[in-house]
Every structure is written in C-alpha cells, then in structure tokens.
Amino acid sequence: MRSEGQSKKILFWGIGITAECLEKRLKSDCDVVGYVDSRADLAVYKDKKFYKPEDIRNVVFDYIVITSDNGQTALNIAKEIERKYQIPKEQILPYYVYARHELYSIMLDVEDRNEYECMVFGNSHARDGILANYCNLKTINFSISSQDIYGNYKTFQKVISQYGYKFSKLRYVIIDLYDYNCLNYDTSLSTEIFNYIFANGIIDIILNIIVISKKRGGGSFEQQLEERIGIICDPVKSQILESIFSINEGKVHEAYEDAYKNRKYIEKNEPLIENKIFGSLVAKRFENTIKENKELLINFIRAIRRYNYQIKIIFTLIPRYITMERVNEIFMSAWKRELYQFIFTLQKECPVFFLDMKSNESISKNNFFYQDICHLNTTGAICLTSILNEYIQKIDSKK
C-alpha cells in the first residue's frame, strides 16, 4: 500500500501516440515504472523496463493505465488483465473508457487566452463553418457534433460559472440554429446522443438519461453507451484519473484541427442525403420538444442578458450545398415560417439579431466550399466567417 507522500506508480499498457500524450500530462507525484504492449517484444522502452504481459504480476504499481483510445478494445484488455493475470479491477484504468472531461473545459484549460469577445455555440455545422481564428473578434467556438439547444444553453452556463474570468470583455454570443426545424430537435431522444457523448459533450445529458433509464427499470442506455462507444460513467475511476493526469481529457476529436486544414470538396452532382429531407425531424412534429426548446432559448437569452445586458446575441443559419437547400426548401417551408415567427417574438423582449445565410448562393452554390453536402470545408468556412465578420461590423457601426 502506498503511504501518504509517496509517488503513484504507473504502468502503461500500450505504446504509441496516445501513450505519449498521456505521459506528458502525468502529474508530478506520479512515476512511470514501465510499459507493456502485447504487440511489441522489447526489454527497454524510453529508459524504462518493458514487460511481457505475463510478467506484470511481479511488478509493483498502483495503477495500470490502458492507453488504447478505442473504448471496446480497452475494455477487452482490462477484462483480460483481470482474468488472466489476476490484477484487481480497482487498479486497472482503461483511460478513454472513464475519462470524463467535457470539451468546453478541455478547450479553456489548455488555452491561455483570456478576455474573449465572442462565443459560438452550435453543432457540427457551426463547428466546421465558423472558424474562430478567422473572426475579427477574439472568439472561441464551443460547437460540438450533435449539440442541440439544451447542450448550447447548459454549456454557456458551465463556461460562465467556471471560467467567467476569461470573458470579462464578452461582446457577442453567436448561436447557430442548424436548420429551420431546430425547435423540433432533442439529441437525447435520438441515436445522435452517442455522437455527442463521443465528441465530449456535457455530461449532464448522459447522467440525466441514465437516471431516467434506471427509473424506468432498465439499464439499457448504460449498456448501449458501453457497447457502442466503450464509455462507462464511473465517478470513482474518473476521479482517480483526475488525480493522475493534469487534464483528464476524454476522446477529443481532431475535428477542430481538421476544420482549419480540410480542403477536400464534393462534386457538383453529389447525391442528396435523404434522411435529412424525409427524416422524422422534418416530417413529424414533437410538440413537447418544441415547447421545451422555446423555453430553453428564452432562458438562454435571459441568462446571457443577466451576465451582461450589453452582450449582443446573433442567431445564425449556415447553408448546406445548393442541391440540398433547393430540395429541402419544399419540406422546410412550414418550419421556416414557425421559426421566423418565434424569433420575431423573441425580438420584442430582447434585440436579438438573425443572420439567415441559407439563401446565400455565393456560398451554397460553390461545391469547392463543401467537404460533404452538409458541411463546409476550410475554404468555405473562411468565406462564411468573412460574411459573419461583415455582419458584426455593421451591427457595431449602428451604435
């Protein structure tokens, strides 16, 4: 047993880029006692002992950290270590299974910048379409794949409560609404929830769903979470990881880096995505979801105003490629009228701005601006961000 004040002894299972990243973030009270990897046969690695799997029973360590970033693979390795080598499960830490850091926190922990002037919220359309480095204002983009209105609102609350000191000069909050039927969308009620969790969305959603699932007498969501993406909600092991690593970073997509170097483009005759046109979010109305989302947006605006009533709020809509927009227009007409009416109602309470770029064919007509039929590539995103800069400049000039 390690006495108080002694270093934690860490044995890494797996070598490669993920192990390198994790090792760089080890806290000062942790020591690497060696490495194990079933795919390598070495005696020494980075001046440390390299062990065969069958030898780990003779190694003194506090924790064995499995570095595989594939959750299912890591879980299988953990089970094998426990069964085959009789290592207590309390000492086995498949890192990417239990790491519970949320993306907004990762971004703000690793970023030294302060005094942000603009926040961006949305899903993958806004993540890929609005590039913070090309904004005229000092901007940070909190958009995540499959993030809905609830996720945007809750992320804002967490950012302000935990990192408010970085936003003393906040002037703008941009909320991308994704599409005209945005009020009909709830990530937690669709399989998109797994994309969101995989992208390190806010943990509130996961925990809420698990609680509801258990109240209904089942653990199906927890099982799916483990089976689909190899993630387990275990506060004890998450806390242990936080005690070992300086930033308890989960599986963070490279999407944010890719957004700045993605130059691939589609063909002019790229096939349409039928489920985006005929899917249930377009064809069906979910009245409870619509009501909840309207309330969430109102509360979101009020929360921003309470933080600083001078902050300007901009709702945006980013265009898909022109063929999708033209076909979608027929099925979205009723949703468009409803969204416009709702925003008009909001504007009576608060001077929110609305930049609908879906009819901007200088963007949507150019196939060289799109990485797929729905998402802009880097070139397209620079163009769209330029339009947003110009729009903000016009707002500022009317002071």
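First, a word on what this report is: a plain description of the structure on this page. (Residues numbered from 1 in each chain as written. Predicted model: local features only at pLDDT ≥ 70, side-chain atom pairs only at ≥ 80, totals over all residues. Heavy atoms only, no water.)

## Comments concerning the overall build of the protein
The helix and strand tally for the protein stands at 17 helices and eleven strands. Relative to the 2.2 N^0.38 estimate, which gives 21 Å for 399 residues, the radius of gyration of the protein is 24 Å and therefore close to what a compact globule would have. Summarising its shape, the C-alpha atoms of the protein cover approximately 70 × 45 × 45 Å along the three principal directions. In the protein, which comprises 399 residues, the proportion classed as buried is 53%. Across the protein, the fraction of contacts at a sequence separation of at least 24, relative to all contacts at a separation of at least 6, is 76%. As displayed, the protein has an accessible area near 19400 Å², and 49% of this comes from carbon and sulfur atoms. (Helix = DSSP H or I, 4+ residues; strand = E, 2+ residues; numbered from the N terminus. Rg over C-alpha atoms; globule rule 2.2 N^0.38 Å. Buried < 20%, exposed > 50% of the residue type's maximum accessible area, 1.4 Å probe, protein only. Contact = heavy atoms within 4.5 Å. Areas by Shrake-Rupley, 256 points an atom, 1.4 Å probe, with all protein chains shown as cover.)

## Some remarks on the sheet that holds strand S1 (residues 8-13)
In a beta sheet, neighbouring strands are held together by backbone hydrogen bonds and run either parallel or antiparallel to one another. Pairing within the open sheet is mixed, and its six strands lie in the order S3-S4-S2-S1-S5-S6. Edge positions in the sheet fall to strand S3 (44-45) and strand S6 (92-94), since each has one partner strand and no second. As paired strands, S3 and strand S4 (residues 48-51) are joined by two bridges and run antiparallel to one another. For valine 44, the partnering residue across the bridge sits in S4 and is lysine 49. (Pairing = 2+ DSSP bridges.)

## Some details on the nonpolar core
One finds Met119, Phe142, Phe167 and Phe315 to be the most contacted residues of the largest nonpolar core, which totals 61 residues. With seven residues, helix H14 (residues 287-307) is the largest single contributor of residues to this core. Every residue in contact with phenylalanine 315, bar those within four places of it in the chain, is listed here: Ile175, Leu177, Leu297, Ile301, Ile343, Leu346, Val352, Phe353, Phe354 and Leu355. Counting 38 residues, the second-largest nonpolar core is a separate cluster that includes Trp13, Leu22, Leu26 and Val97. (Core = buried A, V, L, I, M, F, W, Y, C linked by side-chain atoms within 4.5 Å.)

## A word on empty space enclosed by the protein
This model, assessed by the stated rule, comprises five cavities of 30 Å³ or more. Lining the largest cavity, in full, are Asn123, Gln147, Asp148, Ile149, Asn152, Asp176, Leu177, Tyr178, Cys182 and Tyr185. Tallied by class, residues from the lining of the largest cavity come to five nonpolar, three polar and two charged. Counted as a void, the second largest cavity has a volume near 50 Å³. What lines the second largest cavity is Glu102, Leu103, Tyr104, Met107, Phe142, Ile144, Gln147, Thr155, Asn200, Gly201 and Ile202. In terms of residue count, helix H4 (residues 103-110) provides more of the lining of the second largest cavity than any other element does, three residues in total. Grouping the amino acids of the lining of the second largest cavity by side-chain chemistry returns six nonpolar, four polar and one charged. (1 Å grid on protein atoms, 1.4 Å probe; cavity = no way out; pocket = protein on both sides within 12 Å on 5 of 7 lines; lining within 4 Å. Points joined across faces, edges and corners; volume = space filled by probe spheres on them. Nonpolar A, V, L, I, M, F, W, Y, C, P; charged D, E, K, R; others polar.)

## Things to note about helix H17 (residues 378-397)
Side chains of residues three or four places apart in an α-helix project in the same direction, reflecting 3.6 residues per turn. Between the first and last C-alpha of H17 there are 28 Å, a value that for 20 residues agrees with the 28 Å anticipated at 1.5 Å per step. Residues Thr378, Gly380, Ala381, Ile382, Leu384, Thr385, Leu388, Asn389, Tyr391, Ile392 and Ile395 constitute the buried set of H17. Capping of H17 at its N-terminal end is provided by asparagine 377; its side-chain oxygen lies 3.2 Å from the backbone amide nitrogen of threonine 379. (Expected span 1.5 Å × (residues − 1). Polar contact = N/O pair within 3.5 Å; in protein donor to acceptor, adjacent residues only side chain to side chain.)

## Quick word on the environment of glutamine 157
Mapped onto the fold, glutamine 157 is located in helix H6 (residues 149-163). Spatially, the C-alpha atoms of glutamine 157 and tyrosine 307 are 9.8 Å apart, while their sequence positions differ by 150 residues.

From the geometry alone we can't say anything about function, so treat these as descriptive.
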